[in-house]
Amino acid sequence: MSSSSQTLSKLEALECHFTWVKDTTRSQLLHRRVQLEDIGTDEGNFWLTSIYNLWGFVLYELGSSKEAHKYFRKATETLQRLRKEDEGPWLMVNYGNLAWLHHHLGEEAESQDYLSKVEALKSKFPSPSQDELHPEIYAEKAWTLMKFGRDNQRLAADYFQRSFKMQPDMVQWQSSRVIALASAAKHSDTGLSGDLMQEIRTAREQDPENLYVAAVELKERGKKGESVKNEAETLGQKILLQPVSSYSGLKPLLRLHRELGSLDKAIVLTEEALEKHPDERYLKRCAALCYKWKVLRGRGNQADQRTIKRAIKLHEEVVDLYPDSSLVKKIDLAYVQAKSSHGRTIAYQMFQDLLARRDLDSEDKQLLYYNYARYLNFERQDRNKSVRYYMKSAEIPNRSFYGKLSVKMLQKICERGRSRMCPKIREFLENLPDDDSE
């Protein structure tokens, strides 16, 4: 075996981001970068080194090698500072990433140096058993995978469980496990199982500082009909005192207010947060979401023009603040514009502009076609064209969440039997290939 193929097989055997994360699209990577920016890098963040490691990997994949190296080095320095030790098994992932980065850059001496460092750590800190990784490696692998889709969230939960069994004092791993499981079950029709609810309760008791877990637990209890309004208000005030982060617990709490029919409270909470932190784009995103819910809720509850105007302004700001991942917010803006007394033409044109884009991957197209179908149905009463766009979404291979929703919508239309297109829909559904993503 030549030395270059030997090096490659050593690199491929490493436990690090370059071997964990495969087949991502540019759109997914841009979303991950935005996600990492919104988590924040507050010193008290338990996952700070994992954030830097994943950030470095995402930046490399997006073509920024120099920036990637900077973030991998930040991860090294943060690990050594927070652990107050020079080395330990927790450095293996980071050194693995650096070995891969230097290899990709053609810097083989540096790559070999990091490979040697990983080997030295393996000798000094052997794995608990031949078939097991170090708990720190399982935990970082889990934290990384839970950022890449629902199937990976379930796998991440399994890795978190393994790491937590080895080190039961690391309550943050247990908390992240229940967050991964709750996230994987987010769109399930049945809600969370009794076992998972018990796990969430236990995680909340063991990790009381984790307000995200507290918000998830409250949201699920509210869904099951428990009275949680007072607890929700108390938690909202606690969240406002925390550093701004997508893991502060704000978004699940806002979803709880929506479940409880108290959208006005959700809006007041986000406006209060924005008063304290007027330049935080994540808070503007949360506020925009609440206003969208208010504007688009049932037909008998039309929002006033002032509310619609605020919703439009927030969405326009959010689109500008998230230039690389604003497709969903542009669609939301079009929906909100359609409710404005002067915005119907603007909304239609916005959808035409989005449909003309050539840079959308298959997942983005499924999302766009599904939403355009809904817009055609509810805002323009063009039922036949709406059906055609549900079909366009459904026929894209590797159906995403929105592709599957489109299939369900077509099935519903057939069940109702009111559409003249029912024979066409039935024929379409019969000939639809099995979904590769199941």
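Residues numbered from 1 in each chain as written. Predicted model: local features only at pLDDT ≥ 70, side-chain atom pairs only at ≥ 80, totals over all residues. Heavy atoms only, no water.

A. View of empty space enclosed by the protein. Tallied over the entire structure, the rule returns 1 cavity of 30 Å³ or more. In this model, the largest cavity occupies a volume close to 100 Å³. Lining the largest cavity we find Ile239, Leu240, Gln242, Pro243, Val244, Ser245, Ser248, Leu250, Ala273, His277, Tyr282 and Leu283. Those elements that place two or more of their residues in the lining of the largest cavity are α13 (229–240) and α16 (281–296). Across the lining of the largest cavity, the residue classes break down as 8 nonpolar, 4 polar and no charged. (1 Å grid on protein atoms, 1.4 Å probe; cavity = no way out; pocket = protein on both sides within 12 Å on 5 of 7 lines; lining within 4 Å. Points joined across faces, edges and corners; volume = space filled by probe spheres on them. Helix = DSSP H or I, 4+ residues; strand = E, 2+ residues; numbered from the N terminus. Nonpolar A, V, L, I, M, F, W, Y, C, P; charged D, E, K, R; others polar.)

B. Spatial organisation of the layout of surface pockets. Taken as a whole, the second largest pocket holds about 730 Å³ of empty space. In terms of lining residues, the second largest pocket is bounded by 26 residues, among which Gly44, Asn45, Glu209, Asn210 and Tyr247 are the most central. Put simply, the parts of the chain that give the lining of the second largest pocket at least two residues each are α10 (171–184) and α12 (211–223). Ranked by residues supplied to the lining of the second largest pocket, first place goes to α10 with 3 residues.

C. Inspection of the environment of Leu192 at higher detail. Tracing the backbone through its elements, the reader meets Leu192 in the loop between α10 and α11 (194–206). Leu192 sits in the buried class, given a relative accessible area of 6%. In this structure, the C-alpha to C-alpha distance between Leu192 and Lys294, residues 102 residues apart in sequence, is 26 Å. Setting aside chain neighbours within four positions, we find Leu192 in contact with Ala182, Ala185, Met197, Ile200, Glu220 and Lys224. (Buried < 20%, exposed > 50% of the residue type's maximum accessible area, 1.4 Å probe, protein only. Contact = heavy atoms within 4.5 Å.)

D. Region of the structure containing α11. With 13 residues, α11 should cover 18 Å at 1.5 Å per step; its first-to-last C-alpha distance of 18 Å lies within 8% of that length. Where α11 is buried, its residues meet α10 and α12. (Expected span 1.5 Å × (residues − 1).)

E. Representation of the nonpolar core. Residues Leu235, Leu253, Leu254, Ile331, Tyr375, Leu410 and Ile425 are the most contacted members of the largest nonpolar core, which totals 73 residues. For this core, the element with the most residues is α16, which contributes 10 residues. Each residue touching Leu235, except ones within four places of it in the same chain, is listed here: Leu211, Ala214, Ala215, Leu218 and Leu253. Residues Ala68, Phe72, Leu91 and Ala157 belong to the second largest nonpolar core, which totals 67 residues. (Core = buried A, V, L, I, M, F, W, Y, C linked by side-chain atoms within 4.5 Å.)

F. Expanded view of helix α22 (residues 401–416). Taking 1.5 Å of rise per residue, 16 residues should cover 22 Å, and α22 covers 23 Å from first to last C-alpha, within 8% of that figure. Listing the buried residues of α22 in full gives Gly403, Ser406, Val407, Met409, Leu410, Ile413 and Cys414. Looking straight down α22, one finds that the buried residues subtend no more than 160° of arc, so they occupy a single side. Facing away from the buried surface of α22 by more than 90 degrees, the exposed residues are Glu415 and Arg416. The first or second residue beyond α22 is Gly417, which carries a positive phi of 70°. (Arc of directions from axis to C-beta.)

G. Representation of the packing of aromatic side chains. According to the stated counting rule, one finds 21 aromatic pairs in the structure shown. Relative to Tyr389, the ring of Tyr369 has its centre 5.8 Å away and its plane inclined at 65°; by these criteria the two rings are edge-to-face. Placement of the pair is Tyr369 in helix α20 (residues 362–378) and Tyr389 in helix α21 (residues 383–394), with a sequence separation of 20 residues. Tyr389 matches Tyr369 in its accessibility class, with the two residues each being buried. Taking 4.8 Å as the distance between ring centres and 90° as the angle between the ring planes, the aromatic pair formed by Tyr372 and Tyr389 counts as edge-to-face. (Phe/Tyr/Trp six-rings, centres within 6.5 Å; stacked < 30°, edge-to-face > 60°.)

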